[in-house]
Amino acid sequence: MQPMNLLSSAAMLSLLGSGAISQQNPGEIQAPATPVPVTTPAGIVAPSTNYGPTAAKCNWAPKAAATAFGNVDNIIPFSWTPIRYQQVFDNGTFANSFLSDSLGLRQDNRFGNVTGLTVEIEVALSMTSYTAATLTNTFATNHTATPTTVINKKKIVLPNMGSAPTNPDTVLVSFPFDTPFPIIASQNLLVDVNQTGNSNNNSLTTYRLDAFNGDTTTTRLYGTSATGTLGRNYGLAMCFGEGCPPATYTYFGKGCPGTGPGPSVVVPANARTVMGNSNNYFPIGRADQRYQQVFVASEFSGPMLISAMSLRADELAGPALSQILTILLGLTTYDPATLTTTFGTNITGAQTTVLPTKVVNLPATTANNDPNNFPSKIPFMTPFVYTGASNLLLEIRNTSASTQYHAYDAMSGAGTNTSRMWAFPATATTGTVQRDYGLVVRFEGPSTGAVPLFSATSLPKLGTNLTYQISSAKPTALCLVLHAISAVDLDLTKAGLPGCSLYVNNIFHVQGAVANAAGLATFGAWPIPNNTAMCGAQYYQQGLVIDSGANSAGLVLTRRGEPTFGS
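Residue positions are counted from 1 within each chain, in the order its sequence is given. Two thresholds apply to this predicted model, a pLDDT of at least 70 for residue-level local features and 80 or more for giving and counting side-chain atom pairs, whereas whole-chain, interface and lining totals are computed over all residues. By convention in this description, side-chain values take in all heavy atoms of the structure and omit both hydrogens and water.

A. Quick look at the packing of aromatic side chains. Planes of paired rings set the category: under 30 degrees apart is stacked, over 60 is edge-to-face and the rest tilted, where pairs are Phe, Tyr or Trp rings (Trp by its six-membered ring) whose centres lie within 6.5 Å. Inspection of every chain in the model, using the stated rule, returns 19 aromatic pairs. Here the aromatic rings of Phe-94 and Phe-240 are separated by 5.8 Å at their centres, their planes lie at 85°, and the arrangement is edge-to-face. A residue pair is termed long-range when its members are at least 10 positions apart, and Phe-94 in the loop between strand E3 (83-89) and strand E4 (98-105) and Phe-240 in strand E13 (residues 238-242) qualify at 146 residues. Here Phe-240 falls in the buried class, since its relative accessible area comes to 0%. On the basis of an interplanar angle of 85° and a centroid distance of 5.4 Å, the ring pair of Phe-295 and Phe-443 is categorised as edge-to-face. With Phe-295 in strand E17 (residues 289-295) and Phe-443 in strand E27 (residues 441-444), this pair connects stretches of sequence that are 148 residues apart. Any residue under 20% of the maximum accessible area for its type is buried, any over 50% is exposed, and the rest in between are partly exposed; the area is computed with a 1.4 Å probe on protein chains only. Note on Phe-295: relative accessible area 0%, which makes it buried. Of the residues examined, Phe-443 reaches a relative accessible area of 0% and is grouped as buried. Joined through ring pairs, the aromatic side chains of Tyr-281, Phe-282, Tyr-405, Trp-422 and Phe-424 make up one cluster. Taking NZ or CZ as reference, Arg-208 lies 4.3 Å from the ring centre of Phe-111, over its face. Only lysine NZ and arginine CZ atoms are considered, and such an atom sits over a ring when it is within 6 Å of the ring centre and within 35 degrees of the ring normal. A cation sits over an aromatic face here: Arg-559 above Tyr-251, 3.6 Å from the ring centre. In this description a helix means any DSSP run of H or I spanning at least four residues, a strand means any run of E spanning at least two, and both kinds are numbered starting from the N terminus.

B. Representation of a nonpolar patch on the surface. Candidate patch residues must exceed 30% relative accessible area and have no salt bridge, after which like charges are joined if within 9 Å and Val, Leu, Ile, Met, Phe, Trp or Tyr side chains if within 5 Å. In short, Shrake-Rupley with a 1.4 Å probe defines the accessible areas, and a residue's cover is counted only from the protein chains shown. Each salt bridge in this description consists of a side-chain nitrogen of Lys or Arg and a carboxyl oxygen of Asp or Glu lying within 4 Å of one another. Nonpolar side chains collect at one region of the surface, where Leu-478, Val-514 and Ile-546 lie side by side and expose about 210 Å² of accessible area between them. Turning to its location among the elements, Val-514 is positioned in strand E32 (residues 501-514). Take Val-514: its relative accessible area is 36%, and that puts it in the partly exposed class.

C. The state of the cysteines, seen in detail. To count as a disulfide, a pair of cysteine sulfur atoms needs to be within 2.5 Å. A full pass over the atoms with the stated rule returns two disulfides. A sulfur-sulfur separation of 2.1 Å characterises the disulfide bridge that pairs Cys-58 with Cys-239. Of this pair, Cys-58 sits in strand E1 (residues 57-61) while Cys-239 sits in strand E13; the two residues are 181 residues apart in sequence, bridging distant segments of the chain. Classification of Cys-239 by relative accessible area gives buried; the value is 2%. Across the disulfide from Cys-256 sits Cys-500; the S-S distance is 1.9 Å. With the S-S bond torsion at 90°, the cross-link from Cys-256 to Cys-500 turns out right-handed. Taken together, the residues Cys-256 in the loop between strand E14 (248-252) and strand E15 (264-267) and Cys-500 in the loop between strand E31 (478-491) and E32 connect sequence positions 244 residues apart. According to the relative accessible area criterion, Cys-256 is buried, its value standing at 0%. Residue Cys-500 is classed as buried on the basis of its relative accessible area, which comes to 1%.

D. Examining the pairing of E3 more closely. With six of its seven residues buried, E3 lies for the most part within the structure. Note: E3 against strand E8 (residues 188-198), seven bridges, orientation antiparallel. Paired with Ile-83 across the bridge in E8 is Gln-195. Strands pair, by our definition, only if DSSP identifies at least two bridges between them.

E. Structural view of the sheet that holds E32. Taken in spatial order, the five strands line up as E14-E36-E35-E31-E32 in an open sheet, and their pairing is antiparallel. Pairing within the sheet leaves two strands with one partner each, and these edge strands are E14 and E32. Each adjacent strand pair in this sheet contributes to an overall mean axis angle of 30°, direction not counted. Where strand E35 (residues 540-546) meets strand E36 (residues 555-564), five bridges bridge the pair, whose relative direction is antiparallel. Note on E36: the bridge partner recorded for Gln-542 is Arg-560. As a rule, the C-alpha atoms of each element are fitted with a line to give its axis, helices using only the stretch in contact, and angles between N-to-C directions run from 0 to 180 degrees.

F. View of the side chain of Thr-219. In this structure, Thr-219 sits in strand E10 (residues 218-223). According to the relative accessible area criterion, Thr-219 is buried, its value standing at 0%. Definition of a polar contact: a pair of N or O atoms within 3.5 Å, with one able to donate and the other able to accept a hydrogen when the atoms are protein atoms, and with sequence-neighbouring residues admitted only if both atoms are side-chain atoms. A distance of 2.9 Å separates a polar atom in the side chain of Thr-219 from the backbone nitrogen of Asn-233.

G. View of the pattern of salt bridges. Enumeration according to the criterion identifies 14 salt bridges in this entry. Residues Arg-110 and Asp-73 are paired through a salt bridge, measuring 3.1 Å at the closest nitrogen-oxygen approach. Taken together, the residues Arg-110 in the loop between E4 and strand E5 (118-128) and Asp-73 in strand E2 (residues 72-74) connect sequence positions 37 residues apart. Overall, Asp-73 belongs to the buried group, its relative accessible area being 17%. Here Lys-155 makes a salt bridge to Glu-120, at a shortest N to O gap of 3.4 Å.

H. Representation of the sheet that holds E2 in the model. The antiparallel open sheet is built from three strands, whose spatial order is E2-E9-E12. The two strands at the open ends of the sheet, each matched to only one other strand, are E2 and strand E12 (234-236). In this sheet, neighbouring strand axes are inclined to one another by 40° on average, regardless of whether the strands run parallel or antiparallel. Bridge count for E2 against strand E9 (residues 209-213) is three bridges, and the pairing is antiparallel. Paired with Asp-73 across the strands is Asp-210, a residue of E9.

I. Representation of the pairing of E27 within the structure. By the bridge criterion, four bridges tie E15 to E27 in an arrangement that is antiparallel. Residue pairing for E27: Val-266 is matched across the bridge by Arg-442. Pairing of strand E18 (residues 304-311) with E27, which is carried by four bridges, proceeds in the antiparallel orientation. Across the sheet, Met-309 pairs through a bridge with Phe-443, a residue of E27.

If you want it as structure tokens, here you go:
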């Protein structure tokens with residue numbers, strides 16, 4: 001890992017006069033307006049069809065393939081006419097059980113310079129009671145356990161072959177599994193390939209792969225119907241990839257308070273930079289109503305102290321309103337797809353009454369097209385400590401005597417990572433669920449005295465960049481990230497930093513950045529080598545903020561970050 005340099009861093013009343021409002025979504029107020037475009041969610045990309053060696057560790061089968069090339073070559077099933085193919089490997093082929101994440105093939109060592117082609121394949125694996133000596137000529141019979149489809153049906157581009165290889169551990173092509181498969185060393189492994197076409201007009205080609213003839217630990221079966229032809233003690237050399245465990249990023253401890261503002265989070269996330277495509281007066285303006293809305297944990301940057309919620313002004317102007325509200329926050333294991341029609345069922349964690357029953361006065365709003373305009377703020381009397389570990393459930397009970405039609409911004413449709421549930425009266429126990437719909441809410445932290453939060457914004461995957469940030473720092477403060485080899489837990493109260501702890505030891509690098517006016521410091525990306533020797537390795541990070549008003553030492557520390565390298 002190379003060291004990084006220190007960085008500096010419309011007329012509402014006329015719509016309501018008749019009392020008959022046409023609504024697409026309950027609570028939504030319709031008005032002639034220019035539609036707001038809904039953008040395609042980021043992160044949706046076409047699947048890749050070109051593959052190369054990916055495995056961190058190659059477990060060859062049959063066993064002899066680990067040290068030597070086979071004595072024959074074969075073009076079944078990958079460059080044959082459409083065909084089904086099975087191959088069994090006897091127990092004992094692998095030294096240990098492992099989770100396989102890919103299937104690799106190698107070029108035969110007597111041939112080279114062959115042009116690749118595109119094939120359509122589907123691959124399944126299972127552990128079977130049949131062996132190389134007993135495998136039957138009926139495909140379905142050979143699966144004595146339910147097979148797992150490890151490669152969903154797709155087109156695969158096979159690479160061009162170069163000159164004949166000389167190293168038997170060289171993988172020509174590796175197909176990553178869509179579903180990893182646990183291979184049990186003490187059982188027989190059955191590979192089932194269904195090749196349904198190729199780019200050579202479904203004719204065979206001379207794409208020669210390495211194979212073994214006479215190895216008593218493997219047998220193949222191929223054919224175009226329910227039964228096929230057995231090739232006893234014959235089969236391809238295959239590499240079952242044992243990849244890196246998934247990359248993870250965990251946290252330890254807690255930070256200490258500084259003089260910066262608390263973080264704010266706009267949810268659902270797809271409404272952060274664009275106006276919503278709907279509006280709603282549920283539940284803020286709808287009298288005698290009980291309302292719940294769920295927000296997913298992954299859309300929060302981590303733990304936060306929530307001291308207020310704000311609503312975004314809609315493209316429709318709204319009058320000032322005065323309603324009697326009770327607001328509760330809590331955790332739930334339900335998500336937008338599973339939220340139930342029973343209020344009590346949705347509450348799977350203790351609720352906090354953040355706003356006891358009281359009159360809430362909110363201002364009139366003008367027509368708004370600015371996604372950053374949240375003029376209607378409701379401060380909480382009891383802040384809610386959100387751990388970020390479970391989904392957040394917002395519950396609002398409106399016990400007002402009359403409805404006031406003030407529409408706030410809302411989001412609707414696929415990709416809207418929130419759902420709502422409502423009922424009348426405010427004491428209802430069951431209600432109506434509307435999925436992929438809800439108010440746009442900004443949850444806010446305290447205006448000062450927040451605990452700076454160190455958070456990774458990517459996972460430590462090999463061959464990528466690790467990115468991270470410090471939020472809720474003192475605006476324009478110098479912030480540092482300490483990179484360390486080992487971990488400690490040292491209370492710094494006696495050093496003039498009450499409530500602060502040092503969590504890292506053997507610091508080998510320090511990065512710096514200046515927080516912006518909102519107290520957010522972002523740091524230069526940390527490059528991670530694409531070296532499988534680093535699989536599972538871990539190191540430690542902690543943030544530090546220069547904050548002269550926080551304590552006598554003028555320093556504030558964050559929780560510890562623990563990146564573990566992986567795939």
